[in-house]
Amino acid sequence: MSAGTDAIDDAVRIAARAPSAHNTQPWSVHRDGDTLTVHVDPDRMLPAGDDTARDLLLAFGAWAEAFTIAAAGRGLVAVVESAEGIGRLQADPMTAPTEPLLVVRCRLGAADTVFHDAEILARGVNRGPLRAAPDAVRRARQDLPPGYELRAIPPHRFSALVAAAGARSQSDPTIARETMRWLRFTTADPGWTRDGLRADTLLLPGALARVLGLFTRTSHGRDRLGEVFSVANRVLATVTPMLPTRATTGLPLVLIADGSSVNVVGADAVAGSTQWPARLPADAVLNAGRVLMGTWLALQRRGVVVSPHSEVLDDPRSAARLRRGLRLRVAEVPLAVFDSGTPVRVVPRSARLTGE
Ligand SMILES: Cc1cc2nc3c(=O)[nH]c(=O)nc-3n(C[C@H](O)[C@H](O)[C@H](O)COP(=O)(O)O)c2cc1C
């Protein structure tokens, strides 16, 4: 029986509001009747900044969760299975596999989901000031599936980690150039209504955005700006450890997957690895993306927004400091770092390729 053309297309449209690092929206969805295959778009990977494909897999997990919720709202059960592409990506995280990452089969039926479409459409990160909301965080913790944990990071430690990690990771010219590809400074950038990180969602002052926008009109100018950005970050990386940091007023959190219970293969892989970062199997990271999306929606339902800071995990020294500070066991793998709290200001909605 057909699960309904319009319903599946609508759910695909809504799932496009799933979050992704740099707003790359790396999923490429093909439909054949009631079945969807979801590939990685090779032009939408971040091979320099996300060389373990952690954020890519988290985004695919968030997409899967968003699609499942949207489908359920239309009387459809979506069965999401990981496909051959997952194994390929695990073996070579910097290359887009030709095989799909996910296969989703839809059928008519009542699905058991907690969230609604409207909540997916309303969700958005907020990089403005946040006020800590410990009660909401406590309740969101209670909803986590077994094997996952939301651990608080002391605000002072978090601010110092963010300052050092951001400067250090963007000191690398290849990473800085890659980041610059996804920055949208003015409406003249053709990507402004499609993807990437817009100056207004980053809360950049308008005058600064206009000046930087002059450089991103050509790909050569964009690359040059990326190089200047990396040099500026190299200076910052030297200077910031000497400066006092003001603690965030939000409640910083880290989503941790316990490799010993999330996935048995993962436990072996993690326990057997002698170097950090230990890596969970790609399947487990994908699943963590579903949990991450559920957590952000659960917080949002209680009026709490998040501001992610992946750089804390991307910079090996900061990741090691975080592990030491939180006294993580080897099998405890931090997968997403974000500040949380009630927003002080409204921020604009980010763009999507679908115009959603
Ligand atoms: C896995 C993951 C990592 C992210 N890392 C960062 C980050 O380090 N810094 C940041 O400002 N936003 C980060 N984001 C937020 C994305 O930039 C954001 O989701 C995207 O721009 C779309 O905006 P929206 O979530 O408001 O719809 C991350 C999102 C995901 C899913």
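Residues numbered from 1 in each chain as written. Predicted model: local features only at pLDDT ≥ 70, side-chain atom pairs only at ≥ 80, totals over all residues. Heavy atoms only, no water.

Caption draft 1: Region of the structure containing the nonpolar core. Ranked by size, the top nonpolar core spans 66 residues in total, and within it Phe60, Trp63, Phe67 and Phe338 carry the most contacts. With 13 residues, helix H2 (residues 54-72) is the single largest residue contributor to this core. Excluding anything up to four places from it in sequence, Phe67 contacts Ile8, Ala11, Val12, Ala15, Leu36, Ala78, Val104 and Cys106. Counting residues in hydrophobic clusters, the runner-up holds 13 residues, among them Ile153, Ile256, Val312 and Leu326. (Core = buried A, V, L, I, M, F, W, Y, C linked by side-chain atoms within 4.5 Å. Buried < 20%, exposed > 50% of the residue type's maximum accessible area, 1.4 Å probe, protein only. Helix = DSSP H or I, 4+ residues; strand = E, 2+ residues; numbered from the N terminus. Contact = heavy atoms within 4.5 Å.)

Caption draft 2: Region of interest: the packing of helix H6 (residues 155-169) against helix H14 (residues 316-326). Their axes nearest at 9 Å, the elements H6 and H14 cross at an angle of 160°. Taken together, the axis directions place H6 and H14 in an arrangement best described as roughly antiparallel. For the crossing formed where H6 meets H14, the hand is left-handed. In this structure, H6 contributes Arg157, Ala160, Leu161, Ala164, Ala165 and Arg168 to the contact, and H14 contributes Arg317, Ser318, Arg321, Leu322, Gly325 and Leu326. Classifying every residue of the contact of H6 with H14 gives six nonpolar, two polar and four charged. (Axes fitted to C-alpha atoms, helices over the stretch in contact; angles between N-to-C directions. Parallel < 35°, antiparallel > 145°, perpendicular 65-115°, else oblique. Left-handed = near helix turned anticlockwise from the far one by under 90°. Nonpolar A, V, L, I, M, F, W, Y, C, P; charged D, E, K, R; others polar.)

Caption draft 3: Here's a closer look at the site of the ligand. Taken together, 19 residues surround the ligand, and among them Val125, Arg127, Ser310, Ser350 and Arg352 come closest. The separation between an oxygen atom of the ligand and a polar side-chain atom of Glu311 is 3.4 Å. When the ligand is considered free in solution it has 620 Å² of accessible area, and contact with the protein chains removes 89% of it. The residue inventory of the shell around the ligand, partitioned by class, reads six nonpolar, seven polar and six charged. (Near = heavy atom within 4 Å. Polar contact = N/O pair within 3.5 Å; in protein donor to acceptor, adjacent residues only side chain to side chain. Areas by Shrake-Rupley, 256 points an atom, 1.4 Å probe, with all protein chains shown as cover.)

Caption draft 4: Expanded view of the sheet that holds strand S1 (residues 27-32). Strand order in this open sheet of four strands is S1-S2-S4-S3, and the pairing throughout is antiparallel. Strands with a single pairing partner mark the edges of an open sheet, and in this sheet they are S1 and strand S3 (76-82). Across the sheet, the mean angle separating the axes of adjacent strands is 20° when strand polarity is ignored. Pairing geometry for S3 and strand S4 (residues 102-108), over seven bridges, is antiparallel. Paired with Val79 across the bridge in S4 is Arg105. (Pairing = 2+ DSSP bridges.)

Caption draft 5: Molecular detail of the side chain of Arg184. Of note, Arg184 is situated in strand S7 (residues 183-184). Since its relative accessible area comes to 7%, Arg184 is described here as buried. Apart from residues lying up to four places away in sequence, Arg184 is in contact with Asp189, Gly191, Trp192, Asp195, Gly196, Leu197, Arg198, Ala199 and Arg222.

Caption draft 6: Representation of the pattern of salt bridges in the model. Counted according to the given criterion, the structure contains 26 salt bridges. Ionic pairing is found between Arg151 and Glu149, a salt bridge with its closest N-O pair at 2.6 Å. Salt bridges sharing common partners tie together Asp41, Arg44, Arg184, Asp189, Asp195 and Arg222. (Salt bridge = Lys/Arg side-chain N within 4 Å of Asp/Glu carboxyl O.)

Caption draft 7: The arrangement of the side chain of Arg323 in detail. By the secondary structure assignment, Arg323 is in helix H14. Look at Arg323: it is buried, it has no salt bridge, and the nearest opposite charge is Glu332 at 6.2 Å. A distance of 2.7 Å separates a polar atom in the side chain of Arg323 from the backbone oxygen of Arg329. (Lys, Arg positive; Asp, Glu negative; His and termini not counted.)

Caption draft 8: Geometry of the domain arrangement of the protein. Looking at the protein, the domain boundaries give domain 1 (5-120), domain 2 (125-155 + 247-343) and domain 3 (162-242). Distance between the C-alpha centres of domain 2 and domain 3: 26 Å. Listed by partner, the interface residues are eight residues for domain 2 and 10 residues for domain 3. Taking both sides of the interface into account, the surface hidden between domain 2 and domain 3 amounts to around 780 Å²; carbon and sulfur atoms contribute 60%. Ranking the residues of domain 2 by area buried against domain 3 places Arg127, Glu311 and Asp315 at the top, with a combined share of 56%. For Arg168, the salt bridge is made with Asp315, and the minimal N-O distance between the two is 2.9 Å. Across the domain 2-domain 3 interface, the total number found is three residue pairs in polar contact (both at pLDDT 80 or more). Counting residues per element, the ones that place at least two in the side of domain 2 that touches domain 3 are helix H13 (311-314) and H14. (Domains from an automatic or database assignment. Buried area = accessible area lost by both parts, 1.4 Å probe.)

Caption draft 9: Spotlight on the pairing of S1. Relative to strand S2 (residues 35-40), S1 runs antiparallel, the two sharing six bridges. Paired with Trp27 across the strands is Val40, a residue of S2. Counting the residues in the hairpin turn of S1 and S2 gives two residues, including Gly33, whose phi is positive at 65°.

Caption draft 10: Examining the packing of aromatic side chains more closely. All told, the structure shown has three aromatic pairs when counted by the stated rule. Ring centres 5.3 Å apart and planes at 10° place the aromatic pair Trp63 and Phe67 in the stacked group. Taken as a pair, Trp63 and Phe67 lie in helix H2 at a separation of four residues, close to a single helical turn. Overall, Trp63 belongs to the buried group, its relative accessible area being 1%. (Phe/Tyr/Trp six-rings, centres within 6.5 Å; stacked < 30°, edge-to-face > 60°.)

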